[in-house]
Amino acid sequence: QVQLVESGGGLVQPGGSLRLSCEASGSVFRINFMAWYRQVPGKQRELVAGVSSGGDTNYADSVKGRFTISRDNAKNTVYQQMNSLKPEDTAVYYCNLAQYAGGSQDYWGQGTQVTVSS
């Protein structure tokens, strides 16, 4: 089992910045993929950004140039720096870890609220 604990959400004005963190603990394998998703009421959860254990990243078009995902493998922690935030970035952000161990394993954090409003 893997546990994911997120932190860093909150209320910020448009144009502001926030940094999300997610620490994984438990049976974390060396090779995995960590990502941030977000969800607003009535909509499907969507991928925001992801990073492999080798450092390869991918981003949703809506956040390219504004969000940066990074990770510290020694700490099993993934970060998401969010700049130039917009009201449409308001959502619950979830951390995800995916790894393979004889079968796919998929873990989620509890979610952290990000609200962008003046």
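In what follows, the structure referred to is the one given above.
Structural notes, computed from the coordinates. Just so it is clear, the model here is predicted, and its values are computed rather than measured. (Residues numbered from 1 in each chain as written. Predicted model: local features only at pLDDT ≥ 70, side-chain atom pairs only at ≥ 80, totals over all residues. Heavy atoms only, no water.)

### Some thoughts on the nonpolar core
Worth spelling out the cut-off: Among buried residues, the Ala, Val, Leu, Ile, Met, Phe, Trp, Tyr and Cys ones that are joined through side-chain atoms within 4.5 Å form a nonpolar core. Think of it in three bands: residues with accessible area under 20% of the maximum for their type are buried, residues over 50% are exposed, and the middle band is partly exposed, with areas taken using a 1.4 Å probe on protein chains only. Here a residue-residue contact requires only that any non-hydrogen atoms of the pair lie within 4.5 Å.
Within the largest apolar cluster, 27 residues are counted, with the highest numbers of intra-cluster contacts made by L4, M34, W36, V78, M82 and Y93. Once residues within four sequence positions are removed from consideration, Y93 is found in contact with E6, L20, W36, Y37, R38, V48, F67, Q80, M82, G111, T112 and V114.

### Thoughts on the sheet that holds strand 8 (residues 77–82)
Selection rule: For two strands to be treated as a pair, DSSP must find at least two bridges joining them. Secondary structure counts use DSSP, requiring at least four H or I residues in a row for a helix and at least two E residues in a row for a strand, with both numbered from the N terminus. Between N-to-C directions, angles cover 0 to 180 degrees, with each direction set by a line fitted to C-alpha atoms, over the stretch in contact for helices.
Read from one edge to the other, the open sheet built from four strands follows the order 1-3-8-7, with strand pairing classed as antiparallel. Strands with a single pairing partner mark the edges of an open sheet, and in this sheet they are strand 1 (2–7) and strand 7 (67–72). On average, adjacent strands in this sheet sit at an angle of 15 degrees to one another, irrespective of strand direction.

### Digging into the pairing of strand 10 (residues 104–108)
As defined by bridge partners, strand 9 (residues 91–100) adjoins strand 10 across five bridges and the pair is classed as antiparallel. Looking across to strand 10, one finds that L97 is bridged to Y107. Hairpin connection of strand 9 to strand 10: three residues between the antiparallel strands, including G102 at a positive phi of 75 degrees.

### A few points about the pattern of salt bridges
What counts, and what does not: Salt bridge, as used here: a side-chain nitrogen of Lys or Arg that lies within 4 Å of a carboxyl oxygen of Asp or Glu.
Counted under the stated rule, the structure contains four salt bridges. With a closest N to O distance of 2.7 Å, E46 and R38 form a salt bridge. For E46, a relative accessible area of 36% puts it in the partly exposed group. One salt bridge connects R38 with D89, and the closest N-O pair in it is separated by 3.0 Å. Note that R38 is positioned in strand 4 (residues 33–39) and D89 in the loop between strand 8 and strand 9, a separation of 51 residues in sequence.

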